[in-house]
Amino acid sequence: MDIHDDSVAAQSVKTSTVASDHERDPQLTSIASGFEKRTLFGSSVVRSASARIRQVSLELKRLTSFSKRVPPARFERTKSAATHALRGLKFISETDGNVGWPAVEKLFIKLTASTNGSLHRSLFGQCIGMNEDSKEFAGNLFDALARKRGIKGESINKAQLKEFWDQISDQSFDSRLRTFFDMVDKDADGRITEDEIREIISLSASANKLSNIQKQAKEFAALIMEELDPDNCGYIMMDTLEVLLLQTPNRSIKGGDGLNLSKKLSQQLKYPQENNPFRRWCQCTNYFLEDNWQRVWVIALWIGVMCGLFVYKYVQYRNKAAYEVMGHCVCMAKGAAETLKLNMALILLPVCRNTITYLRNKSRLGVVVPFDDNLNFHKIIAVGIAIGTGIHSISHLACDFPRLIHATSDKYELMEPFFGDQPSNYWHFVKSIEGVTGILMVILMGIAFTLAAPWFRRSTLKLPKTLKNLTGFNAFWYSHHLFIIVYILLILHGIYVYLIKEWYKKTTWMYLAVPLTLYACERSIRAFRSSIEPVTILKVAVYRGNVLSLHMSKPEGFQYKSGQYMFVNCAAVSPFEWHPFSLTSAPGDDYLSVHIRAVGDWTKQLRTRFSKVCEQGDPNGESGLVKADFLQEDSHTICPRVLIDGPYGAPAQEYKNYEVVLLVGLGIGATPMISIMKDIVNNNRAVEEEEMKALEKGSKTSAEAEGASVNEFHTRRAYFYWVTREQGSFDWFKGEMNEVAELDNRGVIELHTYCTCVYQEGDARSALITMLQSLNHAKNGVDIVSGTRVKSHFAKPDWRTVYERIARNHTHSRVGVFYCGPAALAKELRQLAADLSHKGSTKFDFHKENF
């Protein structure tokens, strides 16, 4: 090994295979344990099958060899290199909090205040910091510790709790292993039977909310006994359990991975920071402009035009007679009114989806115009409208009108051509057409703006039930359509505007003519296109987690790109509402599919409607699938009529512009990524076929054939990360994930799935789950958590590590990061993309789905 100040280069590192832990090289064992096996599916079924046979063979040899050998002499594991990989077997995770005896002691005093210092078994988990989900696991831990000390009953005192805590928090692996063994060995005979293994598997699955594994506990217990009890003794000993927990299968360093070790150890280095405040500010400004130059020039242009219009009108009225009566107030009101005309015209453009999709697909404007931010720009313009409305209204109501009412006869004489006889009160202005239209517009826009706020649109505020019914997406959707009335009132307000008599100077209609026409055409095209023919439902599936999957016929001429979305309408739920959903089918498929999670009023009702269809088609309620021909032939099965409109452009469709892409989906946010992965697989298959044809004709060499295909499809490497909270969520895309894993012959896509409900690897509550996962995947090629060929990870990903690994693997490249999910993680991913782009040769472009 070459060890330097900031890196370590490993040369020719191999895993030790000797039987005794004493004979292992601690350094090599520590290094080997830091790497995980990468699974790539072969280009043929034969190669895939042979690789799995070798994997199972090695796994069986390793396990049986350890199970048959004589247990080695015990020694302190904390001094062993194995601790690096197994620092693990912890009973208190980092997320449990309340670690440390002082905190435990404080909780003990609080919990036993009414029991004279006696802590009941049911409160043990809470006292030591375990969360509510681990209550059953904590109870079994309590039983094991009490049984070891001969404590009878279900309560302990403070001194006994201190003994328990000392053992739980003991850093030595031997102590932790002994505690875990005692938990499994219920009858304390020094042997673990199949029933005891089944019980601890069920317990671990319950603590990790893995209901599927809990149901299959008996099957998995038999698998363990089959592997670790080859002589059919009916039990396993503690040293065998030690092997089970210590050995992580197929972790080794092969040739060339020494460089990866150097990089992995070097990643902890901190980048130098600029000490000079001014230079640091300049650097941050430069980075900001580099990352956001498209947004900056659009916003700068918009603000510049608004300022120009405001100043133009202000100066214009500064030189008119009205200024003599109303002063600066009339200038402010007219300046704000001019910006309002512009913004009321502009706010329609970002929601002209057909136009944006056309420009995104058919032009190069996307290079300079941030089409991905169309809805954000829509919101910014709305803020501009709110500010302009406030200035315009306050200037008139609080300044102009009072000055007109209290003006002297001489001064008011200048205003008689515009206002007639001098008014004596506010009612004169309020009852006029200008006043009525203005007040109504303010009220309607106030309603629409309020219900569009995230707190009301997502119903996150705690409100009384009567008010709660007035919020939510439906309220947002219907209130937003008040804009039809607002624009009619705005045109009338502009016709009867104060202080202007000549028609050609009344410019409101001029601002609105083109945007209103364009938007009207958009809605007409949408209504015409969606009503031509309803789609035919081919398949329906209702999954756990309130997710509905719809497979429908593909209308003739319906062409789309992976990552795009379409609107769905179901008249049985609401004849007027259209909701956007990402397409999970690939452009090459002969059907369209969407996955819809029921989180709002409309989606919940849609799920209920189709759940009834599933019950009619499948009386036993087992499959949850209904086919189109069955629906059409069976008169008892009625499928709701569904209309679609689209496709529409989305940020994710730009993935083809990158050779390397990072796809991140949280929960149902994986939908556009599934379509992208299927499209990548289909395109690579097409590339392979083209290369084979070219080679067969002999017209091109292999390199030339590959180069020709590269011009059509750029993506050469994809990393997919799907993070979900529940095991049942993996059922949503099980078929698609297996399909991608099976057909990705070139190993272009690297698949990663994370289940955050499972405790991180090394936690005692997930130790057996981790082992079972390795055994079952080695033997059957199926992950026990996801049910797919993709091996799942536990807890949340370390996103910085993910970015850094991609940056190391693809230096001097531009990586497209596409994310769909909650906004909280988007901020972290965007910041990481910016940080690593600034400090390395790899550039990350972050894109988030916004519809």
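Residues numbered from 1 in each chain as written. Predicted model: local features only at pLDDT ≥ 70, side-chain atom pairs only at ≥ 80, totals over all residues. Heavy atoms only, no water.

### Here's the deal with the state of the cysteines
Evaluated as defined, the whole model comprises one disulfide. Disulfide pairing places C329 opposite C399 at an S-S distance of 1.6 Å. As the torsion about the S-S bond is roughly 65°, the C329-C399 disulfide counts as right-handed. In this pair, C329 is assigned in helix α16 (residues 328–346) and C399 in helix α18 (residues 374–405), connecting sequence segments 70 residues apart. Residue classification places C329 among the buried residues on the basis of a relative accessible area of 14%. The buried category is assigned to C399, whose relative accessible area is 13%. The structure places no disulfide on C757, whose sulfur is separated from the nearest cysteine sulfur, that of C755, by 3.3 Å. Exposure remark for C757: the relative accessible area of 14% places this residue in the buried category. (Disulfide = S-S within 2.5 Å. Helix = DSSP H or I, 4+ residues; strand = E, 2+ residues; numbered from the N terminus. Buried < 20%, exposed > 50% of the residue type's maximum accessible area, 1.4 Å probe, protein only.)

### What about unusual backbone geometry?
The omega torsion across G646 and P647 is 5°, close enough to zero to call that bond cis. Relative to the assigned elements, P647 resides in strand β13 (residues 642–648). Phi is positive for N546, close to 60°, though the residue is something other than glycine. Here N546 falls in the partly exposed class, since its relative accessible area comes to 37%. Its identity is not glycine, yet A795 carries a phi of approximately 65°, on the positive side. Relative to the assigned elements, A795 resides in the loop between β17 (792–794) and α34 (799–809).

### Structural notes on the pairing of strand β7 (residues 537–543)
In terms of strand pairing, β7 meets strand β8 (residues 547–553) through six bridges, oriented antiparallel. Bridge assignment links V542 to a residue of β8, and that residue is L548. As consecutive antiparallel partners, β7 and β8 are separated by three residues, and within that stretch G545 has a phi angle of approximately 90°, a positive value. (Pairing = 2+ DSSP bridges.)

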